[in-house]
Amino acid sequence: MRGLRGLRRARETRESSEASEAGAKRQRPWLRLPRLSVRRLSVPRLSVLRLPRSRRGRRLAVQGVMALCVLALLPATWMRVGTGSQVGTTADAPAREVAMVFGAGLWKGRPTPYLAHRLDAAAELYRAGKVKVVLVTGDNSRVEYDEPDAMRTYLTERGVPDDRIVSDYAGFDSWDSCVRAKKIFGVDRAVLVSQGFHIHRATTLCRSAGIDAYGVGVDEPRDATWYYGGTRELAASGKAALDALLRPDPRFLGPQEAGVAEALASAAP
């Protein structure tokens, strides 16, 4: 009997302790840990461009790619073929009253190497007596960025008189520079100076704007900048072809300026 009573008392003690622990857990819900459910993540399938399976489909795909390449190269080819006889070196350039130099960027307020080479060619044309006035056209849309003044400073350092240099501060692109040279500064004939990959486009645009233009292409080493410029010309030639056909007004036209006429008058004997 005493053994049964002892077992009963031990069972009651254990049940009371379990009940007290359950009550404590109910009073302290923060002890309960949330049940984590792991779900399988679904990864979206990437669709891969597949070539046509049939021989005819593959042939049409290749023809389409070739057609796109031809369309991309067509404007640049048209400009190069159309201006072939109007582009040469400083030695080949005919005598014109005005040389026109296109901006090509600044580095710490000074002309970049490519722009410096253009200005060197213009200074050479002036010293050879082939031009009397140099029109520098570039971007001055910001106070801290002034291509024409930097170009003027570079030319005067190389012997070109300041009164023989005329600045166009709104030459934001090649088409704007050509149209402003004709309509604002009254340039009818000019020698254009730029790199070889750009000079055909510049000559085409200036001739479309009404200028009897001859282009001087400055030679450059085949470095990364040269290849970038050549690649960029493919995209720029498309816009240039539209400009030559549609002939839009430049971004800023403004009133006529007598800078070129005054510079030519000061150069007269």
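As the structure is a prediction and not an experimental result, all values here were calculated from the model.

So, the overall build of the chain
On a plain count of helices and strands, the chain comes out with 8 helices and 8 strands. Out of the 269 residues belonging to the chain, those deemed buried represent 39%. For the chain, restricting intrachain contacts to residue pairs at least 6 apart in sequence, the fraction spanning at least 24 positions comes to 74%. Carbon and sulfur atoms provide 57% of the accessible area of the chain, an area that totals close to 17400 Å².

Thoughts on a nonpolar patch on the surface
Taken together, the side chains of Leu 242, Leu 245 and Leu 246 present a nonpolar region at the surface, about 360 Å² in accessible area. Following the sequence through the fold, Leu 245 ends up in helix α7 (residues 224–246). Classification of Leu 245 as exposed rests on a relative accessible area of 65%.

Focus: the pattern of salt bridges
Evaluated as defined, the whole model comprises 13 salt bridges. Two residues, Arg 110 and Glu 157, come together in a salt bridge whose shortest N-O distance is 3.2 Å. Taken together, the residues Arg 110 in strand β4 (residues 110–111) and Glu 157 in helix α4 (residues 147–157) connect sequence positions 47 residues apart. Taking the shortest distance from any N to any O, the salt bridge between Arg 158 and Glu 157 comes out at 3.4 Å.

Side note on the packing of helix α5 (residues 174–183) against helix α6 (residues 196–208)
Relative to each other, α5 and α6 sit at 40°, their axes nearing to 9 Å. By the angle between their axes, α5 is oblique relative to α6. Seen from above, α5 lies across α6 with right-handed handedness. Contacts between α5 and α6 involve Ser 174, Trp 175 and Cys 178 from the first element and His 198, Arg 201, Ala 202, Leu 205, Cys 206 and Ser 208 from the second. Looking at the contact of α5 with α6 residue by residue, the class counts come to 5 nonpolar, 3 polar and 1 charged.

Things to note about the nonpolar core
One finds Val 187, Leu 192 and Cys 206 to be the most contacted residues of the largest nonpolar core, which totals 29 residues. Of all the elements in the fold, those that place two or more residues in this core are β2 (98–102), β5 (133–137), α5, β7 (189–195), α6, α7 and α8 (259–267). Residues in contact with Leu 192, not counting those within four places in the same chain, are Met 100, Phe 102, Ile 199, Ala 202, Thr 203, Cys 206, Ala 213, Tyr 214, Gly 215 and Val 216. Among the nonpolar cores identified, the runner-up in size contains 27 residues, and Ala 121, Tyr 126, Met 151 and Tyr 214 belong to it.

A look at the packing of helix α3 (residues 113–127) against α4
Interhelical geometry of α3 versus α4 gives an angle of 50° and a closest axis separation of 10 Å. Compared by their axis directions, α3 and α4 come out oblique. The crossing of α3 and α4 is right-handed. Residues Leu 115, Ala 116, Leu 119, Asp 120 and Ala 123 of α3 touch α4, and the partners they reach there are Met 151, Tyr 154 and Leu 155. Per-class residue counts for the contact of α3 with α4 are 7 nonpolar, no polar and 1 charged.

Digging into the state of the cysteines
Note on terminology: disulfide describes a covalent bond linking the sulfur atoms of two cysteines. Within the structure shown, the criterion is met by 1 disulfide. Between the sulfur of Cys 178 and that of Cys 206 lies a disulfide, 2.2 Å long from S to S. Judged by the torsion about the S-S bond (-80°), the Cys 178/Cys 206 disulfide is left-handed. Of this pair, Cys 178 sits in helix α5 while Cys 206 sits in helix α6, and the two are 28 residues apart along the sequence.

Scoring rules and cut-offs
- Residues numbered from 1 in each chain as written.
- Predicted model: local features only at pLDDT ≥ 70, side-chain atom pairs only at ≥ 80, totals over all residues.
- Heavy atoms only, no water.
- Helix = DSSP H or I, 4+ residues; strand = E, 2+ residues; numbered from the N terminus.
- Buried < 20%, exposed > 50% of the residue type's maximum accessible area, 1.4 Å probe, protein only.
- Contact = heavy atoms within 4.5 Å.
- Areas by Shrake-Rupley, 256 points an atom, 1.4 Å probe, with all protein chains shown as cover.
- Patch = residues over 30% accessible without salt bridge, like charges linked within 9 Å, V, L, I, M, F, W, Y side chains within 5 Å.
- Salt bridge = Lys/Arg side-chain N within 4 Å of Asp/Glu carboxyl O.
- Axes fitted to C-alpha atoms, helices over the stretch in contact; angles between N-to-C directions.
- Parallel < 35°, antiparallel > 145°, perpendicular 65-115°, else oblique.
- Left-handed = near helix turned anticlockwise from the far one by under 90°.
- Nonpolar A, V, L, I, M, F, W, Y, C, P; charged D, E, K, R; others polar.
- Core = buried A, V, L, I, M, F, W, Y, C linked by side-chain atoms within 4.5 Å.
- Disulfide = S-S within 2.5 Å.

Shape is all these values report; function is a separate question.
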